[in-house]
Every structure is written in structure tokens, then in C-alpha cells.
Amino acid sequence: MERRVLLGGIAAASGLLAAPHVARAQAPITLNGASQFNEEHVFTRAMKHFATKLVEYSGRPINFVWHLNSSLGLEKQYFEYMSAGRAVDFGIVSPAHMSTFSRAAPFIDAPFLFRDLAHWNKVLDGDMLKPVADEVERRARVALIGYAGGGTRNIFANRPATNMAELRGLRVRVQGAPIWSRTFQAIGMAPQVIAYNEVYNAIQNNVIEAGENEAAGVEQMRFYEVGPNLIMTQHAITVRPLCFSAQTMSRLPREVQEAVRRAGREAGVFGRNAESSEDAQKITALESAGRLKKIAFTERDKMNAAVNPVMEAYAKEIDAAGIYAAINALT
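Residues numbered from 1 in each chain as written. Predicted model: local features only at pLDDT ≥ 70, side-chain atom pairs only at ≥ 80, totals over all residues. Heavy atoms only, no water.

J.: Please clarify how the nonpolar core should be interpreted in this entry.
T.: Across soluble globular proteins, nonpolar side chains have a tendency to be buried as a group. Counting 61 residues, the largest nonpolar core has Phe 107, Ile 155 and Leu 167 as the members making the most contacts within it. Setting aside chain neighbours within four positions, we find Leu 167 in contact with Ile 155, Ala 161, Ile 187, Gly 188, Met 189, Ile 231, Thr 233 and Phe 297. Of all hydrophobic cores here, the second largest spans 49 residues; its members include Val 42, Val 55, Ile 92 and Met 249. (Core = buried A, V, L, I, M, F, W, Y, C linked by side-chain atoms within 4.5 Å. Buried < 20%, exposed > 50% of the residue type's maximum accessible area, 1.4 Å probe, protein only. Contact = heavy atoms within 4.5 Å.)

This is the structure:
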């Protein structure tokens, strides 16, 4: 799906009346944004917030071309396009898709990294992920201009499980970053890496029994139809960087580049506030409609204890021990 929207129409028109020779000299900038989801999804809304703020802060007419509902592929492709400086200029991308350029990138979205939302917010507000962002921008030529996310991830499955013993052997889809497979194996599950858009059919055809996602994804992808048991493991809180092609950035006027980074920071905060506040509401609504059943998980502390050695070893392996220690030290 592709839709063109020229934002800042009123502002541009008023500027034309006030100073026509200036307004006419500023040809509209065109930027391509891509999302796997529709207009209502929180990631898309965060990107639209970025677009609005960018027009406001730059004072320029900007033409945004929106590629929604995976019309240009998935987040992995968006990141590759941004890195190459073509087709996509900005989008929200899981850090798991940045591992080719930064071994530490997937770690900022690793399971069992954050204790709770307060801890998660403190890490992001403290700019503790800057070393990873700098490496990604240097090597991939993609700038991380803001941090959205905030959904608490749980396991949706075609059978219930309330403790570690009942999770044992569960065939669950995980993201491609190694830390996901290693931690889920440490818990006793049988993780499998499968493309996000194939999860529904894989559960339906009994290739796997479960997946893991935040509420927005479970709702959007209708995972509750094939995995109606939501096992409340609360194993991760998502970090979803708002990315912008550094090659595109370099072609923009200096004041627009500054506006991109400012608008990106604000859009990240908008996305975090929206997703974290809507997360529980979506689960409650799905449960009330009889589409989902929340399953209390009684051994979260035991699960964390099984995973901690894996997290420590992996952080050392990817040279992220310093970041991991700093995150753990936050109170």
C-alpha cells in the first residue's frame, strides 16, 4: 500500500503569503516511510508523529510517501534499504535485524534485560544505548534517531503452561538473534527461528506450538486465533529504534538534519508512552472478547535464574559487558 501525503500544507501556504520568494525557493523534500503494519498500529502512529514534528521543526514542506502493511517487505528489508540509501528513508526496526553491522545491537532488545517498565525507561532516558547507536550509524549508515517500543512480551501458545516444567520442550518461534535461542533453550523450550509473517501458519500447521510478542503484535497479526493461551512470562520489554538513512540525512540541509534528530527523539517517546499504556488494555479487550486467555506464570524468578548466566556470557562474547553491567546497576 502506498499513499502520498503532503504535510505542513497550512504552514506552507501561510509562509507563501508572507514571503513568496522564500517559499517558492524551497522545493518539497520527499521521504519514504515503511511499516509492516496498518495505520492504527502504534509503530505507524509513532512514525506519523515523527512526520508531523519534522515538518513543524524544519519549517519546510515535506512530502511523505507511506509504504504500509508490509508492501515493501519486512523490517529486515527496510533496514537494508536504509543502509543502501534507497527505497526507504525511515522506519521502525527491531534491533535483531542490525546484527550484521553490530553484534551488540540485538542485545538492547534482549529478553530478561529489563526488570520492569521503570527500569526500561531509565535506561532509554539515560542514553545508555548510545555506544550501540554510534556503531550502527558508523557501520550500517543508519541513524537511530529515537526509541519506541514499550510492549511487554509474553508467550502465546496453543496449549497453556504455568511453570518451567510445563514449558519444557515447547516449540516456540523466536527472533533470529542468537541471544533469543540461547535464553529460551536455557529455560527448557525448543526455540525455532521463523519469519514473523509465517508464524500464524506455522502454529496452525503444528510446525511450532507458540510464539512470543507484545499485545500490539498479537492483536495485529491475529495470533490469538492459533495461540489463544497467553502465558504471562513477561520475559522482555521491547526496544524498537526509529531509524533514518544516514545517506538520506547527508543530502538534507543542516537545519533539516537537526529537525530529523529532534523529531525522532520526540516520536520515540510518543511511541513508548502509547505502546506501554495500551499494552494491558489490548490484552484485557482480547480476553473480554473471549479471544485470549491469560495464563499466570508462577516461576518467573526461577526462569530469570536459569537465564542470567547465559546473559552474562553472551554480553562478554559480543563486547557488551560494560553496557550490561551499567544496565544492571541502575536502581
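J.: Is there a simple way to explain the pattern of salt bridges in this structure?
T.: Think of it this way: side chains of opposite charge can pair up when their charged atoms draw near. Overall, the coordinates contain 18 salt bridges when judged by the stated rule. A salt bridge links Arg 103 to Glu 317; the shortest N-O distance between them is 4.0 Å. With a gap of 214 residues between them, Arg 103 in the loop between strand 4 (90-92) and helix 5 (117-125) and Glu 317 in helix 13 (residues 300-317) connect regions that are remote in the sequence. We classify Arg 103 as partly exposed; its relative accessible area is 44%. Under the relative-accessibility criterion, Glu 317 is labelled partly exposed at 37%. Each member of the salt-bridge network shares a partner with another, and the members are Arg 103, Arg 182 and Glu 317. (Salt bridge = Lys/Arg side-chain N within 4 Å of Asp/Glu carboxyl O. Helix = DSSP H or I, 4+ residues; strand = E, 2+ residues; numbered from the N terminus.)

J.: I keep staring at the packing of aromatic side chains and nothing clicks. Help me out?
T.: Within a pair of aromatic rings, the relevant descriptors are the distance that separates the centres and the angle that separates the planes. Applying the stated criterion across every chain yields a total of 14 aromatic pairs. Taking the centre distance of 5.7 Å and the plane angle of 75° together, the rings of Phe 37 and Phe 43 count as edge-to-face. Among the residues examined, Phe 37 registers a relative accessible area of 4% and is labelled buried. Taking the centre distance of 5.9 Å and the plane angle of 55° together, the rings of Phe 79 and Phe 101 count as tilted. Of this pair, Phe 79 sits in helix 4 (residues 75-84) while Phe 101 sits in the loop between strand 4 and helix 5, placing them 22 residues apart in sequence. Judged by its relative accessible area of 0%, Phe 79 falls in the buried class. Following the ring pairs from residue to residue traces out a cluster consisting of Phe 37, Phe 43, Phe 156, Tyr 196 and Phe 223. In this structure, Arg 272 is placed above the aromatic ring of Trp 120, and the distance from its NZ or CZ to the ring centre is 5.5 Å. (Phe/Tyr/Trp six-rings, centres within 6.5 Å; stacked < 30°, edge-to-face > 60°. Lys NZ or Arg CZ within 6 Å of the ring centre and 35° of its normal.)

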